[in-house]
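# Working through the structure, step by step
Below, each chain spelled out in residue letters.
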Amino acid sequence: GAVVSQHPSRVICKSGTSVKIECRSLDFQATTMFWYRQFPKQSLMLMATSNEGSKATYEQGVEKDKFLINHASLTLSTLTVTSAHPEDSSFYICSARLTPNTEAFFGQGTRLTVV
Amino acid sequence: AQKITQTQPGMFVQEKEAVTLDCTYDTSDQSYGLFWYKQPSSGEMIFLIYQGSYDEQNATEGRYSLNFQKARKSANLVISASQLGDSAMYFCATPIQGGSEKLVFGKGTKLTVNP
């Protein structure tokens, strides 16, 4: 099946710094990718839709200046958590789908800890 | 908007027995799909099974099957012959709206398989 690769899997950063997370579709072109956030023992919450060649669309309540999304190519979307604070510590996971009626393929996820 | 309800925060099952994880959904769309994902403690999301609303047969994939009752708006996951490796979080999901690539997830059920 299709493969989505996410890097890094874990990152620890100091408060106030920025962290970039990469999401790559390895064997297919993804014009759209999705970024989710998951707090411990909770479900996945959609943060934003990453659109190749255009601006990302953010879900209500998600700060677009805090979570910068860039989708510069058909195989790469990046999420940058800017000026990270401890409350940004979470599990971030990306996904892409081949068609609307097929399963979403997920990256391995990134566990971000801000100290 | 679509909504997924998983009412079982945790379930326990003996190894080699079958277990049913509940999922009900609320949708106004005529055509929709339902997905089940497994999330082990490592965090990755593993696609298990898909059911289309117009599929006449209940979906099956190996030890996984879906008990789809359209009139009751339920799509329960049945895992047969449980294995220790089945211990994980299980999420039911559906597109946010018909044809959308965005998924909305239920809160999940934590399954523990006892030896």
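Refer to the structure printed above.
All of the points below concern the structure found in this document. (Residues numbered from 1 in each chain as written. Chains lettered and ligands numbered in written order. Predicted model: local features only at pLDDT ≥ 70, side-chain atom pairs only at ≥ 80, totals over all residues. Heavy atoms only, no water.)

All names here are of chain A. Only one face of strand β1 (residues 4-7) is buried: it carries Val4 and Gln6, and the other face, with Ser5 and His7, is open. With 4 bridges connecting them, β1 and strand β3 (residues 19-25) associate as antiparallel partners. In the strand pairing of β3, histidine 7 is matched with glutamate 22. (Buried < 20%, exposed > 50% of the residue type's maximum accessible area, 1.4 Å probe, protein only. Helix = DSSP H or I, 4+ residues; strand = E, 2+ residues; numbered from the N terminus. Pairing = 2+ DSSP bridges.)

Moving on: the sheet that holds β1 of chain A. Residue and element names in this part refer to chain A. Taken together, the 4 strands give an open sheet; going across it, the order is β1-β3-β8-β7, and neighbouring strands pair in antiparallel fashion. In this open sheet, the two strands that pair with only one neighbour each are β1 and β7 (67-73). When strand polarity is set aside, the average angle formed by the axes of neighbouring strands in this sheet is 15 degrees. (Axes fitted to C-alpha atoms, helices over the stretch in contact; angles between N-to-C directions.)

Ranked by size, the top nonpolar core spans 24 residues in total, and within it Val4, Trp35, Leu79, Tyr92 and Leu112 of chain A carry the most contacts. Contributing elements (two or more residues each) for this core: β2 (10-13), β3, β4 (32-38), β5 (44-51), β7, β8 (76-81), β9 (90-97) and β11 (110-114) of chain A. Of all hydrophobic cores here, the second largest spans 23 residues; its members include Cys23, Tyr25, Ile79 and Leu111 of chain B. (Core = buried A, V, L, I, M, F, W, Y, C linked by side-chain atoms within 4.5 Å.)

With that settled, consider the interface of chain B and chain A. Taken together, the contact pairs 21 residues of chain B with 22 residues of chain A. Here chain B packs against chain A, burying approximately 1600 Å² in sum over the two surfaces, 56% of which is carbon and sulfur. Applying the counting criterion to the chain B and chain A interface returns 1 salt bridge. The partner of lysine 102 of chain B in a salt bridge is glutamate 59 of chain A, and the shortest N-O contact between them spans 3.0 Å. Along the contact surface separating chain B from chain A lie 5 residue pairs in polar contact (both at pLDDT 80 or more). Of all the secondary-structure elements, those providing two or more residues to the side of chain B that touches chain A are β5 (33-39), β6 (46-52), β10 (88-95) and β11 (103-105) of chain B. For the side of chain B that touches chain A, the leading source of residues is β5 of chain B, giving 3 residues. Looking at the side of chain B that touches chain A residue by residue, the class counts come to 10 nonpolar, 7 polar and 4 charged. (Contact = heavy atoms within 4.5 Å. Buried area = accessible area lost by both parts, 1.4 Å probe. Salt bridge = Lys/Arg side-chain N within 4 Å of Asp/Glu carboxyl O. Polar contact = N/O pair within 3.5 Å; in protein donor to acceptor, adjacent residues only side chain to side chain. Nonpolar A, V, L, I, M, F, W, Y, C, P; charged D, E, K, R; others polar.)

This paragraph deals with the packing of aromatic side chains. Applying the stated rule across the entire model yields 14 aromatic pairs over all chains. A centroid spacing of 5.2 Å and a plane angle of 80 degrees characterise the contact between phenylalanine 106 of chain A and tyrosine 37 of chain B, whose relative ring orientation is edge-to-face. Linking phenylalanine 106 of chain A in strand β10 (residues 104-106) with tyrosine 37 of chain B in strand β5, this pair reaches from one chain into another. Overall, phenylalanine 106 of chain A belongs to the buried group, its relative accessible area being 8%. Centre to centre, the rings of tyrosine 37 of chain B and phenylalanine 47 of chain B are 5.8 Å apart; their planes meet at 65 degrees, and the pair counts as edge-to-face. Of the two residues, tyrosine 37 of chain B sits in strand β5 while phenylalanine 47 of chain B sits in strand β6, which places them 10 residues apart along the sequence. Taken together, Tyr36 and Phe106 of chain A together with Phe35, Tyr37, Phe47, Tyr50, Phe91 and Phe105 of chain B form an aromatic cluster joined through their ring pairs. (Phe/Tyr/Trp six-rings, centres within 6.5 Å; stacked < 30°, edge-to-face > 60°.)

All names here are of chain A. Using the criterion set out here, one finds 2 disulfides over all chains in the structure. The residue that forms a disulfide with cysteine 23 is cysteine 94, at a sulfur-sulfur distance of 2.0 Å. Measuring the twist about the S-S bond at about 85 degrees, one finds the cysteine 23-cysteine 94 disulfide to be right-handed. Note that cysteine 23 is positioned in strand β3 and cysteine 94 in strand β9, a separation of 71 residues in sequence. Accessibility assignment for this pair places cysteine 23 and cysteine 94 in one class, buried. (Disulfide = S-S within 2.5 Å.)

Our focus in this paragraph is the pattern of salt bridges. Residues and elements named next belong to chain A. One pass over the structure, following the stated rule, counts 5 salt bridges over all chains. Across the pair glutamate 22 and arginine 24 runs a salt bridge, and its minimum N-O distance is 3.5 Å. You can call arginine 24 partly exposed: its relative accessible area is 33%.

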